[in-house]
Amino acid sequence: MKRVLVIILLAFSFAASAQTQGKWSLGVGATPSFQGGTTLGLYANRHLSDHWEVGVIPFTWLNKNKDFYNEKIFSLGFNLNTRYTLINSKIFSPYLYGFGGIGHSKYSYEGTNSPPNSSFTYSNFSLGLGTRINIGSNGWSLDVNGGYIWVNGFNNGGTSRGLNYSVGIFKRF
């Protein structure tokens with residue numbers, strides 16, 4: 001929880017001190033989860049300057065395991081993110097990123113000796129780097145990034161971490 005508060009405070013401090021240019025970008029991204037399944041995120045970013053942007057990422061994670069438990073997992077969450085673009089060019093724009101937030105997962109099982117349903121709430125935090133590859137001159141870009149993610153369960157005490165990557169498409173307005 002402390003990590004989430006730090007990310008929120010950083011996002012607001014950048015917003016308060018940066019020059020506003022009136023630029024927004026919207027996007028969608030997909031991340032194969034290291035725990036299985038795929039995470040889908042919707043991005044809404046405010047570009048505070050040529051280099052800084054902050055935004056929100058509502059996300060969902062879907063996973064089905066056809067193993068002993070016949071497990072189905074559905075997760076919803078919300079992240080705050082920030083990006084610092086290192087170089088702005090006509091072709092690509094590499095950046096450093098960080099995001100953090102919370103999520104809630106619901107599990108259902110259809111196996112013997114397993115509980116029918118369970119759920120847990122978790123926090124997540126990630127740092128990494130990526131690049132936007134510009135597509136034409138109308139504000140469209142392909143977004144590719146990779147980093148390290150930490151996930152900490154609140155009510156089950158479990159922690160997982162690993163490498164993650166995401167591919168998406170953005171439109172800047």
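Cut-offs and rules
All residue numbers refer to positions counted from 1 along the written sequence of the respective chain. The predicted origin of the model limits local features to residues at a pLDDT of at least 70 and limits the giving and counting of side-chain atom pairs to 80 or more, whereas totals for whole chains, interfaces and linings rest on all residues. Calculated side-chain values reflect all of the structure's heavy atoms, with hydrogen atoms and water omitted. A run of H or I in DSSP becomes a helix once it reaches four residues, and a run of E becomes a strand once it reaches two; helices and strands are each numbered from the N terminus. The contact definition used throughout considers only heavy atoms, calling two residues in contact when any of these lie within 4.5 Å. Only the protein chains shown count as cover for residues, and all accessible areas are computed by the Shrake-Rupley method using a 1.4 Å probe. Within a predicted model, pLDDT stands for the predictor's per-residue confidence, ranging from 0 to 100. To sort residues, take the accessible area from a 1.4 Å probe on protein chains only and compare it with the maximum for the residue type: under 20% means buried, over 50% means exposed, and anything in between is partly exposed. We define a polar contact as two N or O atoms separated by no more than 3.5 Å, with the added condition that, inside protein, one atom must be a possible hydrogen donor and the other a possible acceptor, whereas residues neighbouring each other in sequence contribute only through side-chain atom pairs. Between any two strands, pairing holds if DSSP finds at least two bridges. Residues enter patches when their relative accessible area tops 30% and they take part in no salt bridge; the joining distance is 9 Å for like charges and 5 Å for the nonpolar side chains Val, Leu, Ile, Met, Phe, Trp and Tyr. A pair is scored as a salt bridge if a Lys or Arg side-chain nitrogen falls within 4 Å of a carboxyl oxygen belonging to Asp or Glu. Pairing of aromatic rings covers Phe, Tyr and the six-membered ring of Trp, with a centre-to-centre limit of 6.5 Å; geometry is then stacked below 30 degrees between planes, edge-to-face above 60, and tilted otherwise. Interaxial angle, 0 to 180 degrees, is taken between N-to-C directions of lines fitted to C-alpha atoms, where a helix line uses only the stretch in contact.

### Examining the overall build of the chain
Next, step 1: What the chain contains, in helices and strands, is one helix and eight strands.
Next, step 2: Beginning at the N terminus, the succession of helices and strands in the chain can be written as α-β-β-β-β-β-β-β-β.
Next, step 3: In the chain, the proportion of contacts linking residues at least 24 apart, taken out of those at least 6 apart, comes to 55%.
Next, step 4: A total of about 9,800 Å² of accessible surface is found on the chain, and carbon and sulfur atoms cover 66% of it.

### Things to note about the confidence of the model for the chain
Next, step 1: Considering every residue of the chain, the mean pLDDT works out to 83; 80% of them sit at 70 or more.
Next, step 2: Averaged over each element, pLDDT in the chain is lowest for helix H1 (residues 2-17) (47) and highest for strand E2 (residues 38-47) (95).
Next, step 3: Every residue in residues 5-22 is under pLDDT 50, and counting partners more than four places away or in other chains gives 22 contacts.

### Describing the side chain of Asn124
Next, step 1: Inspection of the secondary structure assignment puts Asn124 in strand E6 (residues 117-135).
Next, step 2: Classification of Asn124 by relative accessible area gives buried; the value is 6%.
Next, step 3: Polar side-chain contacts of Asn124 include one of 3.3 Å to the side chain of Asn79.
Next, step 4: Residues in contact with Asn124, not counting those within four places in the same chain, are Phe59, Asn79, Phe99, Gly100, Gly101, Ile102, Ile149, Trp150 and Val151.

### What to know about the pairing of strand E8 (residues 159-172)
Next, step 1: Pairing analysis gives six bridges linking strand E1 (residues 23-32) to E8, with the strands arranged antiparallel. Within the sheet, the bridge partner assigned to Gly29 lies in E8 and is Gly168.
Next, step 2: One ladder, built from 13 bridges, connects strand E7 (residues 140-153) with E8; its direction is antiparallel. Residue pairing for E8: Asn152 is matched across the bridge by Thr159.

### Side note on a nonpolar patch on the surface
Next, step 1: Taken together, the side chains of Val28, Leu42, Ile91, Phe92, Ile133, Ile135, Trp140, Leu142, Val144, Tyr165, Val167 and Ile169 make up a nonpolar region of the molecular surface, amounting to roughly 1,100 Å² of accessible area.
Next, step 2: Inspection of the secondary structure puts Ile169 in strand E8.

### Some thoughts on the packing of aromatic side chains
Next, step 1: Taken as a whole, this structure holds eight aromatic pairs when the rule is applied.
Next, step 2: Relative to Phe170, the ring of Tyr43 lies with its centre 5.2 Å away and its plane at 55°, an arrangement referred to as tilted. With a gap of 127 residues between them, Tyr43 in strand E2 and Phe170 in strand E8 connect regions that are remote in the sequence. Per residue, the accessibility class of Tyr43 equals that of Phe170, and both read buried.
Next, step 3: Geometrically, the ring pair formed by Phe120 and Tyr122 is tilted, given 5.6 Å between the ring centres and 50° between the ring planes.
Next, step 4: Take Phe120: its relative accessible area is 14%, and that puts it in the buried class.

### Examining the sheet that holds E6
Next, step 1: Ordered in space as E1-E2-E3-E4-E5-E6-E7-E8, the eight strands form a closed barrel in which the pairing is antiparallel. When strand polarity is set aside, the average angle formed by the axes of neighbouring strands in this sheet is 25°.
Next, step 2: Bridge count for E1 against E2 is ten bridges, and the pairing is antiparallel. Each bridged residue has a counterpart across the sheet, and for Trp24 the counterpart in E2 is Arg46.

### Overview of the pattern of salt bridges
Next, step 1: Within the structure shown, the criterion is met by two salt bridges.
Next, step 2: A salt bridge links Arg132 to Glu53, with the shortest nitrogen-to-oxygen separation between them at 3.2 Å. Here Arg132, found in strand E6, pairs with Glu53, found in strand E3 (residues 52-65); they are 79 residues apart in sequence, far enough to count as distant.
Next, step 3: Residue Arg132 is classed as buried on the basis of its relative accessible area of 10%.

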